[in-house]
Amino acid sequence: MAPSNPLANWERLGDSFYRKVPIYDAIFDEDIELENYIIAGAPYGGAIALHRDESKPYRFRDAQTTKSSIDIYSCSGKLINRLNWEYGTIRGLGWSDKEELLVITEDGTVRRYFGLHGDFTSFSLGNGAEEYGVRGCRFWTSGFVALLSNNQLVVVSNYDEPRPRLLAPCPEGEVSSWSLIPPAYTLSRSVEVLLAVDKTVYLVDPTEAEDKVLQNGPFKHASVSPTGRFVALITAEGKVWVVSSDFQSKYSEYDPESRVTPRTVDWCGDDAVVIAWEDEVHLIGPNGVAARYYYDGTVQVIPEFDGVRLITNDTCEFLHKVTDVTEAIFRLGSTSPASVLLDSVDLLEKKSPKADENIQRIRPSLPEAVDTCVKAAGQEFDTHWQKRLLKAASFGKSVLDLYNSDEFVEMTEKLRVLKAVRDYQIGLPISYEQYMRLTPERLIERLVNRHEYLLAIRISEYLELAADKIYVHWASQKVKVATGDDEAVCKLIVQRLDGKPGISFELIAQTAYDEGRVHLATQLLNHEPRAGKQVPLLLNMEEDEIALDKAIESGDVDLVNYVLLHLKSKLPLASFFRTINTRPMASALVETNARSQDTELLKDLFYQDDRPIDGSNVLLLEALNETDLPRKTEKLHLASRLLSDSKDPSVVLQQKLLSEASQLLKVQEALDKDLADRTEFLGLSLNETIFRLIRSGYGKRAQKLQSEFRMPEKTFWWLRLRALVAKRDWGELEDIGKIKKSPIGWEPFYNEILGAGNTKLASVFVPKCTNLPAEEKVEMWVKCGMIAKAGEEAFRAKNVNALELLQTRASGPAAAEIDRMINQLRPRK
Amino acid sequence: MAPYPGSDADYFKDKARRDLLTLLEGVRGKKNLIVSQDLAGPVGLFVKFSLLQEYGVDRVFLLENGNVDSSQRNVVFLAHAEKLPQVRAVAEQIKRLQRNGNIEHEISIFWVPRRTLVSNTILEEAGIIGDVNIAEFPLYFMPLEQDVLSLELEDAFSDLYLHKNPGCIFHSAKALMDIQQRHGYFPRIIGKGDHARRLADLLLRMRKELDAEESSGLAGVSARGLLPSATTESLIIIDREVDFGTPLLTQLTYEGLIDETVGIKNNQADIDTSIVGGATTVPQTQESSKGPQPASSSKQHQKRKIQLDSSDQLFSQLRDANFAIVGDILNKVARRLESDYESRHSAKTTTELREFVNKLPSYQLEHQSLRVHTNLAEEIMRNTRADIFRKLLEVQQNYAAGADPTYHHDAVEELIARDVPLPAVLRLLCLESCMSGGLRPRDLENLKRQIVQAYGHQHVLTFCALEKMQLLQPRPSSTPTALLLPTAATTTTSTTTGSHHHQQSASSRTNYNTLRKTLRLVVEEVSEKDPNDVAYVYSGFAPLSIRLVQCVLQKPYVLSLVRGGPVATVAPSPASASSPGWLGFEDVVKSARGATFSIVQKGDDKAVRARQTISGAHAVKTVYVFFLGGITFTEIAALRFIAAQEAPRRRIVICTTGIVNGDRMMEAAIEKGSFAKVA
């Protein structure tokens, strides 16, 4: 086949060229009358969805064709799948960039078909959609906006967790056309909508609807350029305007000289507008220059970010701007180095010496020429020209001493992938730029969705990408279609996937389960290495105990809690407890959660497990939280009664302490009644009660409590000492000091009283501390400021050193006294 | 602690900051931030409030206060998705916002450290899951210092030992996986304690799952993850319950004592302004004025937040020193500062003068820090000189040294009668129980009764909790030593990922009586000024936990210590390849509670060797020491002491679930309610 002329179908538009590349032919059957269909094409050369427009009359053929459906074709016209449609009038048909088909019906139901084969999720738009009805929808790569018949706009910006929300309320009036600016290109980072109402256009975002105050409406079409910078409008007079998206400046105006309003207005890249009628397409460039194309049949326009796809029954074409590199090489009369380089290859093949001459001539700019050839190769759809350009680059490279070939190598890799997927049997007419944006991973995903597993695996191996998802998808598909017995299917799958890393058997098992093959699902699940992954499916399969065990095995507390929540709501309490009580981690978690949530459950649990102390503790805790005294005591009694049967000494002690607690509360209640007219004692500890009684001068009552509660003597003495000091009851303390013996000794008296600042009284206790060494007592006297007494103490102990130390601190008569003592002790010379 | 380039600390700090800011950026415009109490502090470790403001945060509320208002349309919640009460609180407040607000809120939740199934369920039940944007904030390790990574899980201790909730083990495993993914697998995992064993098992399991998940098989693009690290020597995991005794003792390093007296949280201490003076500059006040609690000037005792980390040079010098010598250091610094200051008089030429002026700011900073620490040290001194502190310490040290505890019950009873704070008393009881294998039942009963009478009968619950944690137990009536003899069982298993070698000994209690001798825990002659053994951190008692680490890292030293020969100069043992794991100490460590293990994580041999050739002479390898259940400042100090000795050969990075001390351990058990609650 003769190579096509690289300049074929070039069209000059102002300063730049556009070209229309034919990609496939013989797309649709004659039967399909494109004019009667609503058509939506997935971005990046993706699938095309066709749905017959029910508002248009059509020729009756047979029962089959009258059945409403959504047909999904590849761009080369291969039918991928047919979805029967019986869910009402479709008001929105569009694609996400993950090639998910979105179908919005009049009542606001959104169906999201993923994987091209009829699997779908659905949700409702809400926000009055049901009441008012959906009028139309506009899509962007990851969301859409629905226009309701009451002019409200509902946005869905995420399909995984769809959260439909309203934009600002819009003015009433007839909406003649509308369009949206994707969130990535707005200042507010939320989607914004252009709504042509009456003569003007409103810009609507989540907070307000701003009137752009235009006079030339009603606008029959509004379309926003791919980067959101420009808007194309069709005025009431049928003229095409291109304005900036803030409506501040008008860039061009074009008169299509047609009384019929165009059917569609789209952007071809960011620089040109495509308007289309049934069989006529105008390409409008800057400053209103235009190119016109005519067709025999109906032409449908599918916009891409870097051009448009034009689909007729016979052809699929890609119309796009000729890039600078391509233009530099192929433009008639081009003398650019790259162009010369390409010529040189021809000359070289003809063994002409001029080849070298040419090369020498462009030598200084040869590296750029090579770069340009490599880049231009990417732009070509025709393999002949790809090869020529790469050959030219290779030739140029060989002349250069130093050239980084990475880009060259990468380009050859990319072109191989592109060639494979552009094949008409696959039907992905993706351009180089689109491939770069789509990424190889998602291209592979698309192949998998088309069940092109072999090609997908080949490409992933070629590009060194993970292939696990391909295998999992294959296996899931196998599960769906396989009719053999479960063992055989499982064996087949396991064999095929053996040694492949990262395989999620859980997903395959999920498919099996969804297909109703529970046994197969269980078998497959056993091959899942990640315990945690198995849990949700096991729960679905009602394999509760296994699910719980797997969750525990995974060590993930969240997973265990999740299973427990599930089980608790599902099982009767008794069997729930039975399930958990052989699993310590599970019961510990139930216990912890119940503690803050559900004490009744806790009591039941402890009762069932025969844990009286824990059960009693719950009641004790409730007693603490109770604000009403009788109920406090009642709970305490209940707590105590739970323990009454046990002989275990620690339980017996606990029970004793609990009854002591109620006893104390009773006493305190009485004290409050007798001594204070508000609650002063209630709830204090025994020690605090006694301390406060003594401090308030009720020593007798304190003593009574001491014996009643069998408080150790020492403790009581300490309390009395501290309370009396706090009360500054020096008299009483002095009286106590007259007693012969104190169970806590007298040193504490000295310390506490001294600490309170009464040195005089403190000193009274120094001589009573008979068991302390003399040095300490000396120090004690000193602290009381009684140097003379300290001296006596030291003298008695015959401690000269201490005396000498004291000497330095003494003054007045004490000094003389100490001198005397020192002299007395010192042996005379 | 010279910061090494690309250290884990810097990495995790950067990552946490970047992650949070990216999330905040995702919420356009101004927003109010509601953060849970246990995250508010940690967040301060890696991002300043002023930076949050730059990212549109207008006001910060505490989740627990429940006082979010509708002043901003955007509301962002930052909370733990693994803590159910927090999840419920978030759900409740979102519902409240939706009910009250006359504006429609845009609500986002950033779940730390991940979005959980249960949080989904709770939000679903509350009917709001469709109205909120949910994102994950994978916050695991936060650097407290260059050599300390903490998960800052406040509840880890109580969760693990009281509620038996192993959530923090999973959390720790995830965090350690982060390290493994950064550096490669730990070539060896050594550990002690049953929970430690569980953590190691989780690590092995996660590695297997990651291997399965890592879809690299086709070309081995990221084979990196499959290899043992060339820069890491090992991971040592110490379960807190192996050594409950150590944290029960009063910490005697400067930082430890600050923690004991005023408490340190997220590298900060709230200190009364009467002690450290008011804030002269504005280090943290901004946060508090706009932050959670609007600074209430009505409070008489204003607290000031003091940053305690290595940004304060003086503090770096002081923190790990025994408190006994802190005064000396402070004096020295004061004198040096003064002479530096005086140098201005000798400055003659203008250049000299200019030099002095240039240094002025740093002098002032140092001066300020000196004043703070002098005052703080004085305050601590006042406390340590008090009669009660001395009594407490005396009892503690006797217990630690293994003296007959019954002799000291009188002292304990006196302390109870004198109404010292309950945690201090409980610490003594628990310490006795830990150190001598339980209390005699009669003594325990008697002390329990006295404590309940002194502090309130609600503490019946406190005792139940302590017993559940096995911190306080009656001594079995039969001869105690017979029961404490460990029964050992050794098992060796191997799996496909490599060969494991581990021993398990099923000791149910740590026998300090044995270990005191076999690991020489008591080193009375230790010098506080010029320490020659880790025992300096408790003035003569070496933490068991640290001795265990030494059994792995400093075998010759421990051996010479025990034999009592010439106190070893820490002999250079090049990366203990010759005797790895517990080798040489297998029998000794059996006396400590729980499983003992040493696992080799092997990778593809060829790849390992290739890797070693590439990375070449990586002389200094890192040892990660992970304290599961918490670490004390004294233990950190001791590990740093070891790290300094090991510096030429290895580097030690301390990891933990959080900082713990005796009081905090007790607080986990202490019942907060009281009978006084009346309508």
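It should be emphasised that the depicted structure is a prediction, and the values quoted were computed from it without experimental measurement.

Asker: Teacher, can you tell me more about the overall build of chain A here?
Answerer: Check the secondary structure of chain A and you find 34 helices and 29 strands. Here the C-alpha atoms of chain A give a radius of gyration of 46 Å, more than 25% beyond the 28 Å that 2.2 N^0.38 yields for 829 residues. Its C-alpha atoms put chain A at 135 × 75 × 65 Å along the principal axes. Classification of the 829 residues of chain A by burial places 53% in the buried group. In chain A, the proportion of contacts linking residues at least 24 apart, taken out of those at least 6 apart, comes to 48%. Just so you have it, chain A exposes about 38,700 Å², and 48% of that area is on carbon and sulfur atoms. Each charge sign in chain A was given a centre, from 102 positive and 123 negative side chains, and these centres are 9 Å apart.

Asker: I keep staring at the pattern of salt bridges and nothing clicks. Help me out?
Answerer: Two side chains of opposite charge can pair, provided their charged atoms sit close to one another. This structure, assessed with the given rule, holds 92 salt bridges over all chains. The partner of Arg-583 of chain A in a salt bridge is Glu-545 of chain A, with the nearest N and O atoms 3.2 Å apart. Placement of Arg-583 of chain A in the loop between α19 (573-581) and α20 (584-597) and of Glu-545 of chain A in helix α17 (residues 544-554) is noted, with a sequence separation of 38 residues between them. Using a relative accessible area of 42% as the deciding quantity, one classes Glu-545 of chain A as partly exposed. The shortest N-O distance in the salt bridge between Glu-646 of chain B and Arg-649 of chain B comes to 3.2 Å.

Asker: Teacher, can you tell me more about the sheet that holds strand β27 (residues 300-304) of chain A here?
Answerer: The strands that make up a sheet are held in pairs by hydrogen bonds between backbone atoms, and each pair lies either parallel or antiparallel. Residue and element names in this part refer to chain A. Spatially, the five strands line up as an open sheet ordered β1-β2-β29-β28-β27, and their pairing is antiparallel. The sheet terminates laterally at β1 (10-13) and β27, the two strands that pair on one side only. Pairs of neighbouring strands in the sheet enclose a mean axial angle of 25°, with direction left out of account.

Asker: Could you clarify how one ought to interpret the interface of chain A and chain B in this entry?
Answerer: Much of the literature gives interface size as the accessible area that the parts lose upon coming together. On the chain B side, the residues contacting the 69 residues of chain A number 61 residues. Between chain A and chain B, a total of about 5,800 Å² is buried, with carbon and sulfur atoms accounting for 58% of that surface. Interface area lost by chain A to chain B is led by Arg-163, Asp-558 and Leu-624 of chain A, which between them contribute 11%. There are nine salt bridges connecting chain A and chain B. Glu-660 of chain A is the salt-bridge partner of Arg-449 of chain B, the closest N and O atoms lying 3.0 Å from each other. Linking chain A with chain B are 20 residue pairs in polar contact (both at pLDDT 80 or more). Sort the elements by how many residues they give to the side of chain A that touches chain B and helix α24 (residues 649-675) of chain A lands first, with eight residues.

Asker: What should I look at first to understand the sheet that holds strand β18 (residues 209-211) of chain A in this one?
Answerer: All names here are of chain A. Strands sit in the order β15-β16-β17-β18 across an open sheet of four strands; the sheet is antiparallel. The outermost strands of the open sheet, each flanked by one partner alone, are β15 (175-181) and β18. Strand-to-strand twist across the sheet, computed as the mean angle between neighbouring axes with direction ignored, equals 20°. Taken together, the six bridges between β15 and strand β16 (residues 192-197) define a ladder with antiparallel strand orientation. Residue Ile-181 lies in a different strand from β16, and its bridge partner there is Glu-192.

Asker: Whenever I open this one, the domain arrangement of chain A confuses me. Can you help?
Answerer: By the assigned domains, chain A splits into domain 1 (36-166) and domain 2 (323-396). Averaged C-alpha coordinates put domain 1 of chain A and domain 2 of chain A at centres separated by 46 Å.

Asker: Could you clarify how one ought to interpret the side chain of Arg-509 of chain B in this entry?
Answerer: All names here are of chain B. Structurally, Arg-509 is set in the loop between β14 (498-505) and α22 (512-518). Lacking a salt bridge, the buried Arg-509 has Glu-467 as its closest oppositely charged neighbour, with an N-O distance of 10 Å. One polar contact links Arg-509 to Gln-473, side chain to side chain, over a distance of 3.0 Å.

Conventions used here
Residues numbered from 1 in each chain as written. Chains lettered and ligands numbered in written order. Predicted model: local features only at pLDDT ≥ 70, side-chain atom pairs only at ≥ 80, totals over all residues. Heavy atoms only, no water. Helix = DSSP H or I, 4+ residues; strand = E, 2+ residues; numbered from the N terminus. Rg over C-alpha atoms; globule rule 2.2 N^0.38 Å. Buried < 20%, exposed > 50% of the residue type's maximum accessible area, 1.4 Å probe, protein only. Contact = heavy atoms within 4.5 Å. Areas by Shrake-Rupley, 256 points an atom, 1.4 Å probe, with all protein chains shown as cover. Lys, Arg positive; Asp, Glu negative; His and termini not counted. Charge placed at Lys NZ, Arg CZ, Asp CG, Glu CD. Salt bridge = Lys/Arg side-chain N within 4 Å of Asp/Glu carboxyl O. Pairing = 2+ DSSP bridges. Axes fitted to C-alpha atoms, helices over the stretch in contact; angles between N-to-C directions. Buried area = accessible area lost by both parts, 1.4 Å probe. Polar contact = N/O pair within 3.5 Å; in protein donor to acceptor, adjacent residues only side chain to side chain. Domains from an automatic or database assignment.

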